[in-house]
Amino acid sequence: MNKNIRHFLRVSDLSYNEIQKLFARSTVLKKQVEKQVFEQVLQNRTLILLFEKHSTRTRLSFEVGMQQLGGNSIVLQMRDTQIDRGETIEDAARVISRMCDIVMLRTFEHSKIEAFAKNSTVPLINGLTNEHHPCQVLSDIFTFQEQRGDILGKTISWIGDINNMCASWIEASNIFGFKLHVSSPPQYKHLLEELNISQSNVEYFADPIEACVQSSLITTDVWTSMGFEQEKQERLKTFERWTVDRRKIDAANKDVVFMHCLPAHRGEEVSADVIDGPQSVVWQEAENRLHFQKALLEHLIKINEA
Ligand code: CP
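Just so we're clear, the structure is a prediction, and the values are computed from it rather than from any experiment. (Residues numbered from 1 in each chain as written. Predicted model: local features only at pLDDT ≥ 70, side-chain atom pairs only at ≥ 80, totals over all residues. Heavy atoms only, no water.)

*Asks:* Honestly, the nonpolar core in this entry has me stumped. Any pointers?
*Replies:* Buried together is how nonpolar side chains tend to be arranged in soluble globular proteins. Judged by nonpolar contacts, the single largest core of 52 residues is most densely connected at Ile 125, Leu 138, Ile 141 and Trp 169. Setting aside residues up to four positions removed in sequence, Trp 169 forms contacts with Val 137, Asp 140, Ile 141, Ile 151, Ile 156, Trp 158, Phe 178, Leu 180, Leu 217 and Thr 219. Counting residues in hydrophobic clusters, the runner-up holds 19 residues, among them Trp 223, Ile 249, Val 270 and Ile 275. (Core = buried A, V, L, I, M, F, W, Y, C linked by side-chain atoms within 4.5 Å. Buried < 20%, exposed > 50% of the residue type's maximum accessible area, 1.4 Å probe, protein only. Contact = heavy atoms within 4.5 Å.)

This is the structure we're talking about:
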């Protein structure tokens with residue numbers, strides 16, 4: 001057991017003050033990229049990225065980020081490793097963490113990332129589990145604050161599936177003090193309670209348009225997350241009224257922004273005119289994964305060596 005290592009497995013693993021420092025550093029790092037200046041603060045450091053699910057943004061943002069910081073990255077697909085042939089996650093963690101300075105893991109059950117963390121001698125970052133997607137949600141809040149200022153006291157609307165993104169938004173609402181309106185088909189409402197996260201800032205709405213009233217940010221995700229493909233046809237029907245379309249944008253504040261962690265399915269969880277329209281900041285949101293995660297990599301390596 002390596003109890004003293006600080007990992008980043010969920011939003012609540014970082015304090016409000018730490019996140020504010022990370023956002024400030026992300027802004028500096030972003031400006032440096034614009035000027036093509038790269039601080040080589042992670043020279044000779046290695047990040048290992050272990051994927052059990054598909055990825056475009058997560059893989060690229062971590063690999064490019066590590067390169068820009070002067071370090072190296074190695075990508076492992078879990079199906080190519082001995083884990084796929086029965087090596088335990090605990091043994092894999094003991095070995096992989098001896099070969100590098102930091103690890104990112106994308107997997108299915110959150111219990112698997114916790115098992116890896118317990119046996120890792122280096123910090124571990126959650127690159128998405130079925131239950132949490134903390135890098136994405138903190139990058140999204142960084143993006144919101146760039147666009148619209150402090151998120152404190154604002155209303156954020158989560159429209160669609162009560163999934164890992166929704167869970168990370170709930171954790172963030174407790175840390176940042178914003179109101180979170182969650183709207184999902186009533187038959188999925190029980191998932192909110194099952195998340196087992198304090199919901200003091202969360203309000204559930206059966207009507208997705210009502211959930212968008214007074215909103216400063218409307219955000220959504222695919223209706224069928226990775227690992228739930230067998231439910232796709234049923235979900236297409238159940239979530240029909242939960243498409244983020246013009247009517248929902250019009251119900252919100254005039255200066256509302258739209259976010260989607262991507263990949264998106266136009267005509268399902270979002271209409272083409274919204275994701276490609278003036279309120280959409282999805283491309284800035286995707287780019288900010290790079291800047292925020294560079295700050296995160298630097299922070300986790302530094303605090304664990306202090
Ligand atoms: N949003 C996100 O995590 O994208 P990828 O699945 O492409 O990594």
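*Asks:* Quick question: what am I supposed to make of the site of the ligand here?
*Replies:* Around the ligand sit Ser 55, Thr 56, Arg 57, Thr 58, Arg 106, His 133, Gln 136, Cys 261, Leu 262 and Arg 289, and those are all the residues in its vicinity. Between a nitrogen atom of the ligand and a side-chain N or O atom of Gln 136, the distance comes to 3.0 Å. In terms of residue class, the shell around the ligand is made up of 2 nonpolar, 5 polar and 3 charged. (Near = heavy atom within 4 Å. Polar contact = N/O pair within 3.5 Å; in protein donor to acceptor, adjacent residues only side chain to side chain. Nonpolar A, V, L, I, M, F, W, Y, C, P; charged D, E, K, R; others polar.)

*Asks:* Mind showing me how you'd approach the pattern of salt bridges here?
*Replies:* A pair can form between side chains of opposite charge whenever their charged atoms are brought close. With the rule as written, the count across this model stands at 17 salt bridges. Two residues, Lys 112 and Glu 109, come together in a salt bridge whose shortest N-O distance is 3.8 Å. For Lys 112, a relative accessible area of 22% gives the class partly exposed. Among the ionic contacts, a cluster of salt bridges with common partners joins Arg 25, Glu 39 and Glu 298. (Salt bridge = Lys/Arg side-chain N within 4 Å of Asp/Glu carboxyl O.)

*Asks:* Please clarify how the sheet that holds strand β5 (residues 155–159) should be interpreted in this entry.
*Replies:* Backbone hydrogen bonds hold the strands of a sheet together, and the pairing may be parallel or antiparallel. Here we have 5 strands laid out as an open sheet, ordered β7-β6-β5-β8-β9, and parallel in their pairing. Here the strands that pair on one side only, and so sit at the sheet edges, are β7 (202–205) and β9 (257–260). Across this sheet, the average inter-strand angle for adjacent strands is 20°, counted without regard to direction. (Pairing = 2+ DSSP bridges. Helix = DSSP H or I, 4+ residues; strand = E, 2+ residues; numbered from the N terminus. Axes fitted to C-alpha atoms, helices over the stretch in contact; angles between N-to-C directions.)

*Asks:* I would appreciate a short explanation of the packing of aromatic side chains in the present structure.
*Replies:* A ring pair, where both rings are aromatic, is described by two values, the distance of the centres and the angle of the planes. With the rule as written, the count across this model stands at 8 aromatic pairs. Ring centres 5.8 Å apart and planes at 70° place the aromatic pair Trp 169 and Phe 178 in the edge-to-face group. In this structure Trp 169 comes out as buried when scored by relative accessible area, which is 0%. In this structure an aromatic cluster arises from ring pairing among Tyr 16, Phe 23, Phe 142, Trp 169, Phe 176, Phe 178 and Phe 292. A cation over an aromatic ring shows up here: Lys 53 above the ring of Phe 108, its NZ or CZ 4.6 Å from the ring centre. (Phe/Tyr/Trp six-rings, centres within 6.5 Å; stacked < 30°, edge-to-face > 60°. Lys NZ or Arg CZ within 6 Å of the ring centre and 35° of its normal.)

*Asks:* Just checking my understanding: could you explain the side chain of His 7 for this structure?
*Replies:* The topology assignment puts His 7 in the segment before α1 (16–34). For His 7, a relative accessible area of 12% puts it in the buried group. A polar side-chain atom of His 7 sits 3.2 Å from the main-chain carbonyl oxygen of Ala 117. A distance of 2.9 Å separates the side chain of His 7 from the backbone nitrogen of Leu 124, its partner in a polar contact. Not counting the four nearest positions on each side in its chain, His 7 is found in contact with Asp 13, Ala 117, Ser 120, Val 122, Pro 123, Leu 124 and Leu 300.

*Asks:* I would appreciate a short explanation of unusual backbone geometry in the present structure.
*Replies:* The bulk of non-glycine residues show a negative phi, and the bulk of peptide bonds are trans. Omega for the bond connecting Leu 262 with Pro 263 falls within 30 degrees of zero, at 5°, which places this linkage in the cis form. One can find Pro 263 in the loop between β9 and α10 (272–275). Here the phi dihedral of Asn 44 falls at roughly 65°; this positive angle occurs in a residue that is not glycine. Tracing the backbone shows Asn 44 in the loop between α1 and β1 (46–51). Residue Asn 44 is classed as exposed on the basis of its relative accessible area, which comes to 69%. Here the phi dihedral of Leu 262 falls at roughly 70°; this positive angle occurs in a residue that is not glycine. Mapped onto the elements of the fold, Leu 262 is located in the loop between β9 and α10.

Structural measurements only, silent on function.
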